[in-house]
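The residues making up each chain are set out below.
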Amino acid sequence: MNFMFLSSWMIPCPSKKRRGIEWPGCGTQRALELFFTQSPIEAIAFYPPILPLLIFAGSAATNLFVIKNNRTANITMLTGAIYVAALIINFIIRQLSIF
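Bear in mind that the values here come from a model prediction, so they are computed numbers and not experimental data.

(A) View of the side chain of Thr-76. Here Thr-76 shows up in helix α5 (residues 70-98). Filtering out sequence-adjacent residues up to four positions away, Thr-76 remains in contact with Phe-56, Ser-59, Ala-60 and Asn-63.

(B) Up close: helix α4 (residues 50-66). With 17 residues, α4 ought to run about 24 Å at 1.5 Å a step, and its terminal C-alpha atoms sit 23 Å apart, in line with that. Taken together, the buried positions of α4 are occupied by Ile-50, Pro-52, Leu-53, Ser-59 and Asn-63.

(C) A look at the packing of aromatic side chains. For the coordinates displayed, the defined rule picks out one aromatic pair. Geometrically, the ring pair formed by Phe-35 and Phe-36 is edge-to-face, given 5.4 Å between the ring centres and 85° between the ring planes. Exposure remark for Phe-36: the relative accessible area of 38% places this residue in the partly exposed category. Sitting over the ring of Phe-46, Arg-94 keeps its end group 6.0 Å from the ring centre.

(D) Broad picture of a nonpolar patch on the surface. A cluster of nonpolar side chains, namely Leu-64, Phe-65, Val-66 and Ile-67, defines an oily patch on the protein surface of about 450 Å² accessible area. The class of Phe-65 is exposed, set by a relative accessible area of 65%.

(E) Quick peek at the nonpolar core. Among the nonpolar cores identified, the biggest contains six residues, and these are Ala-31, Tyr-47, Ile-50, Leu-53, Tyr-83 and Leu-87. Beyond its immediate sequence surroundings of up to four residues, Ile-50 is in contact with Thr-28, Ala-31, Leu-32, Ala-43 and Ile-44.

(F) Expanded view of the environment of Ala-73. The topology assignment puts Ala-73 in helix α5. A relative accessible area of 24% places Ala-73 in the partly exposed class. With ten residues separating them along the chain, Ala-73 and Asn-63 place their C-alpha atoms 6.2 Å apart.

(G) Molecular detail of the packing of helix α2 (residues 28-37) against α4. α4 packs onto α2 with a crossing angle of 80° between their chain directions and a minimal axis gap of 10 Å. In terms of their interaxial angle, α2 and α4 are classed as roughly perpendicular. Residues Thr-28, Ala-31, Leu-32, Phe-35 and Phe-36 of α2 lie in contact with α4, whose contacting residues are Ile-50, Leu-53 and Leu-54. Here the contact of α2 with α4 is built from residues that sort into seven nonpolar, one polar and no charged.

About the thresholds
Just so you know, the residues in each chain are numbered from 1, in the order the chain's sequence is written. Totals for whole chains, interfaces and linings use every residue, but because this is a predicted model, local features are given only for residues with pLDDT of at least 70 and side-chain atom pairs only at 80 or more, for both listing and counting. Excluding hydrogens and water, the side-chain values take into account all heavy atoms of the structure. Here a helix means four or more residues in a row that DSSP labels H or I, a strand means two or more in a row labelled E, and each is numbered from the N terminus. By definition in these notes, contact holds between two residues if any of their heavy atoms fall within 4.5 Å. Multiplying 1.5 Å by the helix residue count minus one yields the expected span of that helix. Accessible area is worked out with a 1.4 Å probe on protein chains only. A residue is then buried under 20% of its type maximum, exposed over 50%, and partly exposed in between. Only the six-membered ring of Trp is used, alongside the rings of Phe and Tyr, when aromatic pairs are assigned; centres must lie within 6.5 Å, and planes under 30 degrees apart are stacked while those over 60 apart are edge-to-face, with the rest tilted. In this scheme, Lys NZ or Arg CZ marks a charge over a ring once it lies within 6 Å of the ring centre and within 35 degrees of the ring normal. Patch construction takes residues with relative accessible area above 30% that form no salt bridge. Like charges are linked within 9 Å, and nonpolar side chains (Val, Leu, Ile, Met, Phe, Trp, Tyr) are linked within 5 Å. All accessibility values rest on the Shrake-Rupley procedure with a 1.4 Å probe; residue burial counts only the protein chains present in the view. We define a salt bridge as a contact between a side-chain nitrogen of Lys or Arg and a carboxyl oxygen of Asp or Glu at a distance within 4 Å. Within this scheme, the nonpolar core is defined by two criteria: the residues are buried Ala, Val, Leu, Ile, Met, Phe, Trp, Tyr or Cys, and they are joined through side-chain atoms within 4.5 Å. Interaxial angle, 0 to 180 degrees, is taken between N-to-C directions of lines fitted to C-alpha atoms, where a helix line uses only the stretch in contact. Throughout this description, any angle smaller than 35 degrees is read as roughly parallel, any larger than 145 degrees as roughly antiparallel, any in the 65 to 115 degree range as roughly perpendicular, and the remainder as oblique. Under the convention adopted here, Pro, Cys and the residues Ala, Val, Leu, Ile, Met, Phe, Trp and Tyr are nonpolar, Asp, Glu, Lys and Arg are charged, and Gly plus all remaining residues are polar.

Taken by themselves, the reported measurements are silent on function.
What follows is the structure in structure tokens.
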């Protein structure tokens, strides 16, 4: 599958563009493009929360379309919490590296 069309649809991070401050989600689009077009290793190095995000998306899709029960719902909530934690930790590390 060719995902090269993604680069023409990139939306710049509004908070970084206007205020110069990176928010937790800045870099997600570029990391997804890297993950699907070039190298997953480079994508994870560029934006570490991409891996928990993809695991969460797979878990949510499984819960929504394939298996609908409490166990998959709990797994989806757990993977979502791990993604949010990774997002916050990545944001804090990026902010500390600025100063």
